[in-house]
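# Structural characterization, general
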Amino acid sequence: MKNIPISALIGLILTALYFLMALLAPLIAPYGMAEVVGDVWEPSSSKFWLGTDNIGRDLLSRMIYGGRTTIFIATAATILSFVTGSVLAFFAAVMGGWVDQVLSRFVDLIMSIPTLIFALVVLSVMPVTIPILIVVMGLLDSTRVYRLARAVAVDISVMDYVEAARLRGEKIGWIIFREILPNALSPLIAEMGLRFIFAVLFVSTLSFLGLGVQPPEADWGGIVKENKEGIVYGIPAALLPAVAIATLAISVNLVADWVLNRTTSLKGGRG
Amino acid sequence: MHPVVKLVAQRLVLSTLLLLAASVLIFAGTTILPGDVAQSILGQSATPESLANLREELGMNDPAVTRYFNWLFAALQGDLGTALTNGRDIAESVGQRLSNTLFLAFWAAIISVPLAILLGLVAVRYKDRWPDKLISAVTLASISIPEFLIGYLLMFFLAVQLGWFPSIAMINDDMGLLQKLQSIALPVMVLTLVVLAHMMRMTRAAILNVMQSAYVETAELKGLSGFQVIYRHAFPNAIAPIVNVVMINLAYLVVGVVVIEVVFVYPGMGQYLVDHVSKRDVPVVQACGLIFAAVYIFLNMIADIVSILANPRLRHPK
Amino acid sequence: MSDPLLKVRDLKIGATVYPPGEKPHDIEIVHGVSFDLAPGKVLGLIGESGAGKSTIGLASMAYGRGGVKITGGEVWVNGRDILKSPLKDIRNLRGAEVTYVSQSAAASFNPAKKIMDQVVEAAVEQKKFGRKEAEERARTLFSKLGLPDPNNIGERYPHQVSGGQLQRCMTALALCPEPDLVVFDEPTTALDVTTQIDVLMAIKEAIRDTGVAALYITHDLAVVAQVSDDIMVLRMGDMVEYGHTDQIINHPKEDYTKALVSVRSIEHEEKQPTPEPVLSVQNITARYKGLNFDVLKNVTVDLHPGQTLAVVGESGSGKSTLARVITGLLPPSDGQIDFAGRTLSRDLAGRTREDLRELQMIYQMADVAMNPRQTVGTIIGRPLEFYFNIRGSEKRKRIIELLDEIELGEKFIDRYPAELSGGQKQRVCIARSLAAKPKMIICDEVTSALDPLVADGILKLLLDLQKIEDVAYLFITHDLATVRAISDSIAVMYQGKVQRYGSKSEVLSPPFDDYTDLLLSSVPEMKLGWLEEVVAHRKMESAGN
């Protein structure tokens, strides 16, 4: 693991820290998530490192728990979108014909409506719970994974070495897992980072609009919403969770960038 | 028929079909999914009779297909129905808000498009040197930052701390243009920042693509000056990809507007949509969803048509 | 000798390379080359890929492509060192005194502008001619270069004319400003052989009539022998040999030049047909989905065991489609294929493992014919595992035997394709097909992407292996020199039909049909004056008709 550029190293460390924080939230948070422990919008002090929020809860504790929720939802949605998107894409690419046509046109249709608007429309009639958020986000985002994975798979499946495997008489499993997948992996992994960032931003935006995680549960977007009135009075409490979102997203982006650059220069990498 | 006319006509038909399909999707999304509008409106404590009455009133006992066509034909005639929450005509409420949103988006576009193209050119001119690297670093950061953070940061520093701009963007018909512009200065700035990075990066890629082509080399080997090469040979070929980039980003801007309007409490479509999603006011959500989808599909269609019109192979068939 | 028009002294050119996984660094790609070019003379620059010939050509316009930089030496044009001139003077030189013809006219013309606008642009911009005068000149050149409808062709857009025509338009573009020197950079390489000869003649006559000097860059010694007065042989950025065309072609001094001159002179004794062909293609007709015409029309050919059938034709002749039909990738709409005494299923799914094993294929582009994520050992070992269930140490032993057979050896077993040169990659592909112990191998343009000397090595290897393994080759190619070198029988294909078919000696001996005659006579021969002979011969024939 030598030769990691400094930017990727920072990204890697920050990402790891955020994930650790999410896993260990109950152990490291100084107060309970919904526990009112002080006055409204107290400034930062030795008691409350980041001050208190709009109803006097410890902001640091709330952000630690909030990060846990945000990261959990984003991770689950990313996994869902990846599994759905890439399985369907490989299926479409290998089957071709009408299966490919139907799937691809349906994805085109979903993508003709902006994702946020579509999510808002669906969430207007569905009860907003965490599982439903994950499913809606994951499925909407799987369209993008589908597009990329299908393009990559189609690119590879017309390569002469795949044709050579077909002419050898290899089974479809060998062709997908031994010939296509190893070559499709690096763009897909880099894309996974980008999809995760998108999921973090998406769930934060929904919560910020009041249509994501519902109080008293908290996530970073929701904490911004709770404290946004303070901005006008010069109280920066709403900025902190927003900064947390941004740093997490940038960290993952740096890692994804590095993965993409590194894998293309691997032994046997294409190009 | 000239192939360009044919292709443009195809695009128009395709976009219309796409919009129609989108309307089905929006209607289905709000009807077939296992939520109950009546229940949502009346809450958990509603009696079965009041629920049944409301369902009857909303026409929810008709088959879904009938309701869809009723809704669609009404919408085509400009009748978007009435809001459940306050019983007001949706088309009326939407009219003013749509024009407010377009006003905001228009000014954001006016500033961001030339700026993005200019900075894209700078990035190409200084490729792999510090201006280019700075631009790509800023791009990386700005696609990672949520829109509302940019909004609150600017609001916090420029409006609250420095007091240069109002922190809330109120506009109404009594205001003059200058007053309105001052009022929307902050949201316009945020929207500009939000789309600028994407637009700049895509413009850079589009121009680089053209500058690396063999005919630009031919032009250089003719002894033309840098300006002549760009003006005569690169520009005519770069215009289509750039317009494409601009349109795609304007479509993106239309979505970005939703969040920004909420941040600045701006009386536009986005604010209206979000309010009524929380209130589970399905007819309003359907109407707004349809309008946003239409704008989005329209802009993407323009992008496609421009690429068709700018393609010399299609304009001058064999 | 008069004062040289172009005088190059100790020219050094560098480039920045970006090797994967390493920091970008600078390397030298041309190491001090010197030559003179007198007014009105033609100098041929010849070499394999990486020889630095195009880079030297562009240096005569003080231009470096991509990350290429001229790092040392002098380039004198018309008595001044252009490497020391300010950019403004260099611009005045480009397009006026020195002009350029590229390999791909299709990419070098701006798709958004009319041909005429682009042809006269340099002449008008450099104030050599007024717009009217320049257009008049362009029309004269169009006519001189044999373009159809010379008065109106300039009003068309680049995509509205054919590749060969566009290459001539590019030549007109270069000649229009009445330059002193034209740099021709592989101007006929992208063209089919029958088109190449016309463009070549047009260029040669235009050079003669206008009295312009030229640098003619190509990898094909036979082509450059037709047009140049002097030839410089380059290799890896160094000059190998420099002399009169006659001396280089007929009395080369350096070993490398000798090898280039004698390339494709492999002798191969034609074998007699056997009673029982291994492959018998009978009345095959095929078309691709979505096309409304047949790509193959009633094709019938036989291939005998241990022999080579060359299928030769230009692009669009259907020769590669024939390979796809035989392998089962494209089921024919009509006809039958017998292989090793049995009738093959029309599509791939219906073939037995034995059918697949005995009929192997080698591709043109070796880089994309091997999975970049597998080592050479895995690539060659897979058929052993798959067809014979050979595993472990026995597999490794067999892989090493195969590596020895293709003259690479054991040390290559753990390498990835990206670590191999073009010729080595193609050898690994050959080993992979041999691993299956096939009765027949389809070779689809297997040497087209390789430099001539490397290609020669591959052909020799294939012939040696044929003797050892007793395997038959169906050899698809557009290159008649290759055909002569290796085939026992030949099928000439034209527009989806077999135009001429028989043993090598029959097909290559007169009387010829028109197309075969055209094809055979279009292949450049390594002798001086060949181009004039052919053109004179053709003129006589058409006068006779």
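Calculation rules
- Residues numbered from 1 in each chain as written.
- Chains lettered and ligands numbered in written order.
- Predicted model: local features only at pLDDT ≥ 70, side-chain atom pairs only at ≥ 80, totals over all residues.
- Helix = DSSP H or I, 4+ residues; strand = E, 2+ residues; numbered from the N terminus.
- Buried ≥ 20, exposed ≤ 12 C-beta atoms within 10 Å, placed from the backbone.
- Contact = placed C-beta atoms within 7 Å.
- Rg over C-alpha atoms; globule rule 2.2 N^0.38 Å.
- Pairing = 2+ DSSP bridges.
- Axes fitted to C-alpha atoms, helices over the stretch in contact; angles between N-to-C directions.
- Domains from an automatic or database assignment.
- Nonpolar A, V, L, I, M, F, W, Y, C, P; charged D, E, K, R; others polar.
- Core = buried A, V, L, I, M, F, W, Y, C linked by C-beta atoms within 7 Å.
- pLDDT = per-residue confidence, 0-100.
- Parallel < 35°, antiparallel > 145°, perpendicular 65-115°, else oblique.
- Left-handed = near helix turned anticlockwise from the far one by under 90°.
- Expected span 1.5 Å × (residues − 1).
- Bend = angle between axes of the 7 residues up to and from the residue.

Looking now at the overall build of chain B. A count of helical and extended segments in chain B gives 13 helices and zero strands. Taken from the N to the C terminus, the helices and strands of chain B come in the order α-α-α-α-α-α-α-α-α-α-α-α-α. The buried share among the 318 residues of chain B stands at 41%. Once local pairs closer than 6 in sequence are excluded, the contacts in chain B between residues at least 24 apart make up 72%.

For chain C, the helix and strand inventory stands at 21 helices and 20 strands. Relative to the compact-globule value of 24 Å for 545 residues, chain C shows a C-alpha radius of gyration of 26 Å, a close match. Referenced to the eigenvectors of the C-alpha coordinate spread, the extents of chain C come out at roughly 75 × 60 × 45 Å. Counting the 545 residues in chain C, one finds 46% classified as buried. Considering only contacts in chain C between residues 6 or more positions apart, those separated by 24 or more positions represent 69%.

Turning next to the sheet that holds strand S19 (residues 489-494) of chain C. All names here are of chain C. Pairing within the open sheet is mixed, and its six strands lie in the order S16-S17-S18-S13-S19-S20. A single partner strand is all that each edge strand has here, and the edge strands are strand S16 (359-362) and strand S20 (497-503). Averaged over all neighbouring strand pairs, the angle between strand axes comes to 15°, with direction disregarded. With four bridges joining them, S16 and strand S17 (residues 440-444) adopt parallel strand pairing. In the strand pairing of S17, Leu-359 is matched with Met-440.

Attention now moves to the domain arrangement of chain C. Residues and elements named next belong to chain C. Partitioning chain C into domains gives domain 1 (6-106 + 181-261) and domain 2 (279-509). Centre-to-centre, using C-alpha coordinates, domain 1 lies 36 Å away from domain 2. Tallying the contact residues gives seven residues for domain 1 and six residues for domain 2. Those elements that provide at least two residues to the side of domain 1 that touches domain 2 are helix H7 (193-210) and helix H10 (255-261). Broken down by class, the residue content of the side of domain 1 that touches domain 2 amounts to three nonpolar, two polar and two charged.

On to the sheet that holds strand S10 (residues 238-244) of chain C. Sheets are built from strands that pair by backbone hydrogen bonding, the pairs being arranged parallel or antiparallel. Residue and element names in this part refer to chain C. Taken together, six strands build an open sheet; the order of strands is S6-S7-S8-S3-S9-S10 and the sheet is mixed. Looking at strand neighbours, the two that pair on one side only are strand S6 (98-101) and S10, the edges of this open sheet. In this sheet, adjacent strand axes meet at a mean angle of 15° when their direction is disregarded. Of the strand pairs in this sheet, strand S7 (residues 181-185) and strand S8 (residues 213-218) are connected by five bridges, and their pairing is parallel. Of the residues in S8, the one forming a bridge with Phe-184 is Tyr-216. Relative to S6, helix H6 (residues 163-175) is tilted by about 175°, and along the sheet it contacts S6 and S7.

Further remarks concern the interface of chain A and chain B. At the interface, 37 residues of chain A touch 40 residues of chain B. Counting residues per element, the ones that place at least two in the side of chain A that touches chain B are helix H5 (115-123), helix H8 (172-208), helix H9 (220-232) and helix H10 (239-264) of chain A. In terms of residue count, H10 of chain A provides more of the side of chain A that touches chain B than any other element does, eight residues in total. Class assignment of the residues belonging to the side of chain A that touches chain B gives a composition of 29 nonpolar, seven polar and one charged.

In this structure, Leu-120, Val-200 and Ile-245 of chain A together with Tyr-152 of chain B are the most contacted members of the largest nonpolar core, which totals 146 residues. Looking at which element gives the most residues to this core, the answer is helix H8 (residues 177-211) of chain B, with 17 residues. Once you skip the residues sitting within four places of it in the chain, Ile-245 of chain A turns out to touch Val-200, Leu-201, Ser-204 and Trp-220 of chain A together with Pro-146 and Leu-149 of chain B. Membership of the second largest hydrophobic core comes to 97 residues, among which are Ala-149 of chain A together with Ala-435, Leu-462 and Ile-490 of chain C.

As a further point, take unusual backbone geometry. Residues and elements named next belong to chain C. With an omega dihedral of 0°, the bond running from Pro-510 to Pro-511 counts as a cis peptide bond. The phi dihedral of Asn-78 falls on the positive side, at around 50°, and the residue is not glycine. Position of Asn-78 among the secondary structure elements: in the loop between strand S4 (68-77) and strand S5 (80-81). Non-glycine residue Asn-298 carries a positive phi angle of around 50°. Its 14 C-beta neighbours within 10 Å are what place Asn-298 among the partly exposed residues.

Moving on, we come to the interface of chain C and chain A. Facing the 20 residues of chain C at the interface are 16 residues of chain A. Those elements giving two or more residues to the side of chain C that touches chain A turn out to be helix H12 (353-358), helix H13 (366-369) and helix H14 (376-388) of chain C. For the side of chain C that touches chain A, the residue count by class is 15 nonpolar, three polar and two charged.

Right, let's talk about the confidence of the model for chain B for a bit. Scored by pLDDT, chain B comes out at a mean of 83, with 94% of its residues at no less than 70. Averaged over each element, pLDDT in chain B is lowest for helix H2 (residues 37-42) of chain B (64) and highest for helix H9 (residues 214-221) of chain B (91).

The subject of this paragraph is the environment of Asn-100 of chain B. Residues and elements named next belong to chain B. Inspection of the secondary structure assignment puts Asn-100 in helix H5 (residues 90-125). Placed 168 residues apart in sequence, Asn-100 and Gly-268 show a C-alpha to C-alpha distance of 5.3 Å. In contact with Asn-100, not counting residues within four places along its chain, are Ile-171, Tyr-266, Pro-267 and Gly-268.

Time to look at the packing of H14 of chain C against helix H16 (residues 422-435) of chain C. All names here are of chain C. Closest axis-to-axis distance for the H14/H16 pair is 7 Å, and the angle between their directions is 20°. Taken together, the axes of H14 and H16 lie roughly parallel to each other. The two elements H14 and H16 meet at a crossing, and its hand is right-handed. Packed against H14, whose contacting residues are Val-376, Ile-379, Ile-380, Pro-383 and Leu-384, the element H16 presents Val-428, Ala-431, Arg-432 and Ala-435 at the interface.

All names here are of chain C. Of the pairings in the sheet, the one linking strand S11 (residues 279-286) to strand S14 (residues 334-339) comprises five bridges and is antiparallel in character. Each residue of the ladder has a partner; that of Val-281, found in S14, is Ile-337. Hairpin connection between S14 and strand S15 (residues 342-343): a loop of two residues separates the two successive antiparallel strands, and Ala-340 in this loop has a positive phi of roughly 50°.

The next subject is H8 of chain B. For H8 of chain B, which comprises 35 residues, the first-to-last C-alpha distance of 41 Å sits more than 12% below the rise-based estimate of 51 Å (1.5 Å per residue). Approximately 50° is the largest bend angle found in H8 of chain B, and it occurs at Ala-185 of chain B, with the proline Pro-187 of chain B only one to four residues beyond.

In the predicted model, chain C carries a mean pLDDT of 89, and the fraction of residues at 70 or more is 98%. Complex prediction metrics read pTM 0.78 and ipTM 0.81.

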